[in-house]
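Observations on the model geometry
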Amino acid sequence: DSGVTQTPKHLITATGQRVTLRCSPRSGDLSVYWYQQSLDQGLQFLIQYYNGEERAKGNILERFSAQQFPDLHSELNLSSLELGDSALYFCASSSGTAGNTIYFGEGSWLTVV
Amino acid sequence: GNSVTQMEGPVTLSEEAFLTINCTYTATGYPSLFWYVQYPGEGLQLLLKATKADDKGSNKGFEATYRKETTSFHLEKGSVQVSDSAVYFCAPPLYNFNKFYFGSGTKLNVKP
């Protein structure tokens with residue numbers, strides 16, 4: 001158990017809809033990362049937050065957004081969903097200091113039909 | 001910026017064979033280096049790490065030595081098992097909040 005909790009574990013939704021994925025980081029970790037993993041794209045870095053502020057942005061689509069709340073949990077919002085958004089979405093956390101280990105959650109499986 | 005180059009897979013080995021998965025990096029300074037593993041149907045988990053040059057990380061029979069002269073962090077195991085079948089990721093340095101990208105990983109298939 002990495003200590004990173006993601007909900008829901010599985011989600012099936014229709015094209016055009018909007019979903020929210022939730023992540024609770026490990027206790028004490030200030031930094032949260034979101035990744036998308038699909039069969040043909042590998043593991044794609046989406047975005048990173050540190051103590052409530054956006055720190056780094058990767059290959060995140062404009063239809064996607066994220067935030068980190070004062071209690072440090074984070075949400076990834078996916079809107080106007082397309083079939084190609086079907087993927088496994090991982091949240092990870094770390095203390096945020098250089099050289100520190102990143103711990104991953106078990107992921108949220110999103111299927112868009 | 002910081003980056004890694006990891007050998008592409010898939011790698012298919014017989015049980016008890018020797019494993020090497022190559023990883024080289026470019027980085028500012030000498031940050032920590034990591035190997036992560038993803039077993040089928042699971043998230044990524046830390047396999048091992050080395051925090052400074054010439055350090056050796058080890059776990060579950062896997063080893064990797066942080067070699068600054070060759071800027072490499074190759075993953076090795078003397079005798080692989082079927083249960084080692086997974087995707088292995090060499091992770092770029094987490095350094096001053098740089099984007100923490102992973103490569104495509106190397107898929108290892110171990111046959112009995």
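A brief report on the enclosed structure follows. Computed from a predicted structure; not experimentally measured.

For the rest of this paragraph, the subject is the overall build of chain A. Looking only at helices and strands, one finds zero helices and 11 strands in chain A. Along chain A, from the amino end to the carboxyl end, the secondary structure elements read β-β-β-β-β-β-β-β-β-β-β. Against the compact-globule benchmark of 13 Å for 113 residues, chain A has a radius of gyration of 13 Å, which places it among compact chains. Considering only C-alpha atoms, chain A reaches an extent of 40 × 30 × 25 Å along its principal axes. For chain A, long-range pairs separated by at least 24 residues make up 54% of all intrachain contacts whose partners lie at least 6 apart in sequence. Roughly 5,200 Å² of accessible area belongs to chain A as shown, and the carbon and sulfur atoms make up 47% of that amount. Charge centroids of chain A, computed over 7 positive and 11 negative side chains, lie 3 Å from each other.

Going through the model one piece at a time under the given rule, you end up with two disulfides over all chains. Linked covalently through their sulfurs, Cys23(A) and Cys91(A) form a disulfide whose S-S length is 1.8 Å. Given an S-S torsion of about -55°, the disulfide between Cys23(A) and Cys91(A) has left-handed geometry. Residue Cys23(A) is found in strand β3 (residues 19-24), and its partner Cys91(A) is found in strand β9 (residues 87-94); the two are separated by 68 residues along the sequence. Residues Cys23(A) and Cys91(A) agree in their burial class; the two are buried. At a sulfur-sulfur separation of 1.9 Å, the disulfide partner of Cys23(B) is Cys90(B). Measuring handedness by torsion sign, the sulfur bridge of Cys23(B) and Cys90(B) sits at about -60° and is left-handed. Taken together, the residues span a long stretch of sequence, with Cys23(B) in strand β4 (residues 23-26) and Cys90(B) in strand β10 (residues 86-91) at a distance of 67 residues. According to the relative accessible area criterion, Cys23(B) is buried, its value standing at 1%.

Time to look at the side chain of Ser108(A). All names here are of chain A. Along the polypeptide, Ser108 turns up in strand β11 (residues 108-112). Within the structure, the side chain of Ser108 is placed 2.6 Å from the backbone oxygen of Pro8, a separation counted as a polar contact. Setting aside its immediate chain neighbours within four residues, Ser108 contacts Gln6, Thr7, Pro8, Lys9, Leu21, Ala87, Leu88 and Tyr89.

Rules used in this analysis
- Residues numbered from 1 in each chain as written.
- Chains lettered and ligands numbered in written order.
- Predicted model: local features only at pLDDT ≥ 70, side-chain atom pairs only at ≥ 80, totals over all residues.
- Heavy atoms only, no water.
- Helix = DSSP H or I, 4+ residues; strand = E, 2+ residues; numbered from the N terminus.
- Rg over C-alpha atoms; globule rule 2.2 N^0.38 Å.
- Contact = heavy atoms within 4.5 Å.
- Areas by Shrake-Rupley, 256 points an atom, 1.4 Å probe, with all protein chains shown as cover.
- Lys, Arg positive; Asp, Glu negative; His and termini not counted.
- Charge placed at Lys NZ, Arg CZ, Asp CG, Glu CD.
- Disulfide = S-S within 2.5 Å.
- Buried < 20%, exposed > 50% of the residue type's maximum accessible area, 1.4 Å probe, protein only.
- Polar contact = N/O pair within 3.5 Å; in protein donor to acceptor, adjacent residues only side chain to side chain.

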